[in-house]
Amino acid sequence: MVSRPAHFERLLKFLRRKGRSLEDAEDLIQEAMLRLHVYCQEASVANEEAFLRHAVHNLSIDQHRRDRPDLRREVPIEDFNTHSPLIAPESLPEDTVEAQQRLSHIRALLDAVSLRTREIYFAHRGGYSYAEIAAHMGISHITIKRHIARALVAIMEHGESDDDGIAQRAAE
């Protein structure tokens, strides 16, 4: 009978609980032991079992990724482009004028609030997160939320009288 290293049975049980076959588990343990041997030539290892356990865990993940062909399948750009276009369809001049008018109207509505509230609102609409705005302005996250809420209230109060729904689009 072949003698096995002291940690072999525990590592084998560990890998079997992870769903590995007996053969795969033995192969992974052998690979981990080889890595331990190579590593020990240049440095000392305080806890061999921990090293081996970590190594077999990582090797198991690597093997799982290699065995999953669906993770690396190629998708033709034409198929991807039909579901979510990479290039936006050209906008009509009327759409551009309407968007500029909506933005001008929102700016006019936000003249009723403070400059800081207006800056925070437009920064958020420009794609910055609350955390990024707070860090840049040196204020708390909750203060950012309050400024944006004030801006939205101002837009919605003045926007209720508008028939074109500018307030609803501004809040999106």
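Let us look at the structure shown here. (Residues numbered from 1 in each chain as written. Predicted model: local features only at pLDDT ≥ 70, side-chain atom pairs only at ≥ 80, totals over all residues. Heavy atoms only, no water.)

**Remarks on the overall build of the chain**
Under the convention used in this document: Only DSSP runs of H or I reaching four residues or more are called helices, and only runs of E reaching two or more are called strands; each is numbered from the N terminus. Burial classification: accessible surface area is computed with a 1.4 Å probe over protein chains only, and a residue below 20% of its type maximum counts as buried, one above 50% as exposed, and the rest as partly exposed. By definition, residues are in contact when any of their heavy atoms lie within 4.5 Å. Only the protein chains shown count as cover for residues, and the accessible areas themselves come from Shrake-Rupley with a 1.4 Å probe.
When helices and strands are tallied, the chain shows nine helices and zero strands. Going residue by residue from the N terminus, the α and β elements of the chain occur as α-α-α-α-α-α-α-α-α. In the chain, which comprises 172 residues, the proportion classed as buried is 23%. When contacts within the chain are restricted to residue pairs at least 6 apart in sequence, those whose partners lie at least 24 apart make up 49%. Of the roughly 12,800 Å² that the chain leaves accessible, carbon and sulfur atoms contribute 52%.

**What to know about the nonpolar core**
Cut-off, in case you're wondering: What makes a nonpolar core is a set of buried Ala, Val, Leu, Ile, Met, Phe, Trp, Tyr and Cys residues whose side-chain atoms join them at distances within 4.5 Å.
Grouped together as the largest cluster of nonpolar side chains are 14 residues, with contacts concentrated most on Leu 11, Leu 12, Leu 15, Ile 29, Ala 32, Leu 52 and Val 56. Elements with a contribution of two residues or more to this core: α1 (8-17), α2 (22-40) and α3 (48-67). Apart from the residues lying within four places of it in its own chain, the contact partners of Leu 11 are Ile 29, Leu 52, Arg 53 and Val 56. Judged by nonpolar contacts, the second largest core, of eight residues, contains Ile 106, Leu 109, Val 113 and Ala 151.

**Here's the deal with the side chain of Gln 63**
The criterion, for reference: Two N or O atoms form a polar contact when they lie within 3.5 Å of each other; inside protein one atom must be a possible hydrogen donor and the other a possible acceptor, and for residues adjacent in sequence the pair counts only when both atoms belong to side chains.
Relative to the elements of secondary structure, Gln 63 occurs in helix α3. A distance of 3.4 Å separates polar atoms of two side chains, one belonging to Gln 63 and the other to Arg 20. The contacts of Gln 63, once residues within four sequence positions are left out, are Arg 20, Asp 24 and Leu 28.

**Looking at a positive patch on the surface**
Worth spelling out the cut-off: What goes into a patch is any residue over 30% in relative accessible area without a salt bridge, connected to like charges within 9 Å or, for nonpolar side chains (Val, Leu, Ile, Met, Phe, Trp, Tyr), within 5 Å. We define a salt bridge as a side-chain nitrogen of Lys or Arg found within 4 Å of a carboxyl oxygen belonging to Asp or Glu. The charge count includes Lys and Arg as positive and Asp and Glu as negative, but it does not include His or the ends of the chains. By convention, the point assigned to a charge is CZ for Arg, NZ for Lys, CD for Glu and CG for Asp.
A surface patch of like charges, here positive, comprises Lys 13, Arg 17, Lys 18 and Arg 53. Here Arg 53 is to be found in helix α3. A relative accessible area of 36% means that Arg 53 is categorised as partly exposed.

**Overview of the pattern of salt bridges**
Where charged atoms of side chains with opposite charge meet at close range, the side chains can pair. Throughout the structure, instances matching the rule amount to three salt bridges. The partner of Arg 35 in a salt bridge is Glu 31, and the shortest N-O contact between them spans 3.2 Å. Here Arg 35 and its partner Glu 31 are both found in helix α2, four residues apart, which amounts to about one turn of the helix. Arg 102 is the partner of Glu 98 in a salt bridge, and the nearest nitrogen-oxygen pair spans 3.9 Å. Remark: Arg 102 and Glu 98 occur in helix α5 (residues 93-109); sequence separation between them is four residues, near one turn of the helix. What makes Arg 102 partly exposed here is its relative accessible area of 26%.

**Overview of the packing of α1 against α3**
For clarity, the threshold we go by: Convention adopted: a line fitted to C-alpha atoms gives each axis, helices being fitted over their contacting stretch, and angles between N-to-C directions are expressed from 0 to 180 degrees. Convention used here: angles under 35 degrees read as roughly parallel, angles over 145 as roughly antiparallel, angles from 65 to 115 as roughly perpendicular, and any remaining angle as oblique. Crossings are classed by handedness, with left-handed meaning an anticlockwise turn of the near helix from the far one by less than a right angle and right-handed meaning a clockwise turn. Residues are grouped as follows: nonpolar covers Ala, Val, Leu, Ile, Met, Phe, Trp, Tyr, Cys and Pro; charged covers Asp, Glu, Lys and Arg; every other residue, Gly included, is treated as polar.
It is at 11 Å that the axes of α1 and α3 come closest, and there the two elements cross at 30 degrees. For the element pair α1 / α3, the angle class is roughly parallel. Here the hand of the crossing between α1 and α3 comes out right-handed. Taking contact as the criterion, the partners of Arg 10, Leu 11, Phe 14, Leu 15 and Arg 17 in α1 are, on α3, Glu 49, Leu 52, Arg 53, Val 56, His 57 and Ser 60. Its residues assigned to classes, the contact of α1 with α3 shows five nonpolar, two polar and four charged.

**Comments concerning α2**
So the rule is basically this: Helix span, expected: 1.5 Å multiplied by one less than the number of residues in the helix. Arc definition: it is the arc formed by the directions from the helix axis to the C-beta atoms.
The end-to-end C-alpha distance of α2, which contains 19 residues, comes to 27 Å, matching closely the 27 Å that a straight helix rising 1.5 Å per residue would cover. Along α2, the residues classified as buried are Ala 25, Leu 28, Ile 29, Ala 32 and Leu 36. Projection of α2 onto a plane perpendicular to its axis shows the buried side chains occupying an angular sector of 100 degrees, all on one side. Opposite the buried face of α2, by more than 90 degrees, sit the exposed residues Glu 23 and Gln 30.

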